[in-house]
Amino acid sequence: MSTSFAVPAPRSAMLLRRRIATYFVGGAEQIPSLVGALEGRLVHELYVDVKDGVRESSMVCAVLLAAEETGPLLDRLRELPSVVSAELA
């Protein structure tokens with residue numbers, strides 16, 4: 001007697017919308033590296049605030065991520081030399 005059954009396909013990771021705030025120094029020249037750190041992710045909103053005469057600038061974005069991707073993305077942003085902090089907003 002043989003028994004067969006179907007193995008369900010693995011479920012795709014559920015993507016959650018995460019709002020991330022990154023504070024950085026160095027002005028507008030740092031924007032390409034910040035945006036580059038988001039590569040491969042679906043970005044819904046991206047807002048960068050760079051003001052003349054202010055030491056720190058900010059980038060706020062909404063990104064679709066699997067829960068386990070949030071920490072590594074924040075770490076990736078924090079590793080950039082210009083980043084002062086990166087956190088969930």
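Remember, it's a predicted structure, so these values are computed and weren't measured experimentally.

Enquirer: Would you take a moment to explain the nonpolar core for this structure?
Expert: One recurring pattern in soluble globular proteins: nonpolar side chains tend to sit buried together. Residues Ile-20, Leu-34, Leu-38, Met-59, Leu-73, Leu-77 and Leu-80 are the most contacted members of the largest nonpolar core, which totals 15 residues. For this core, the secondary-structure elements that each account for two or more residues are β1 (15–24), β3 (57–66), α2 (70–78) and β4 (83–88). When residues of this core are assigned to their parent elements, the largest contribution, four residues, is made by β3. Once you skip the residues sitting within four places of it in the chain, Ile-20 turns out to touch Met-59, Val-60, Cys-61, Leu-65, Leu-73, Leu-74, Leu-77, Glu-87, Leu-88 and Ala-89.

Enquirer: Where do I start with the pairing of β3 in this structure?
Expert: As a general feature of sheets, a regular strand has side chains that alternate between the two faces. Where burial is concerned, most of β3 is hidden: eight out of the 10 residues are buried. Direction of pairing for strand β2 (residues 42–49) relative to β3: antiparallel, over a ladder of seven bridges. Opposite Val-48, over in β3, you have Met-59 as the bridge partner.

Enquirer: Explanation requested: the environment of Val-54 in the structure shown.
Expert: In this fold, Val-54 is placed in the loop between β2 and β3. The partly exposed category is assigned to Val-54, whose relative accessible area is 45%.

About the thresholds
Residues numbered from 1 in each chain as written. Predicted model: local features only at pLDDT ≥ 70, side-chain atom pairs only at ≥ 80, totals over all residues. Heavy atoms only, no water. Core = buried A, V, L, I, M, F, W, Y, C linked by side-chain atoms within 4.5 Å. Buried < 20%, exposed > 50% of the residue type's maximum accessible area, 1.4 Å probe, protein only. Helix = DSSP H or I, 4+ residues; strand = E, 2+ residues; numbered from the N terminus. Contact = heavy atoms within 4.5 Å. Pairing = 2+ DSSP bridges.

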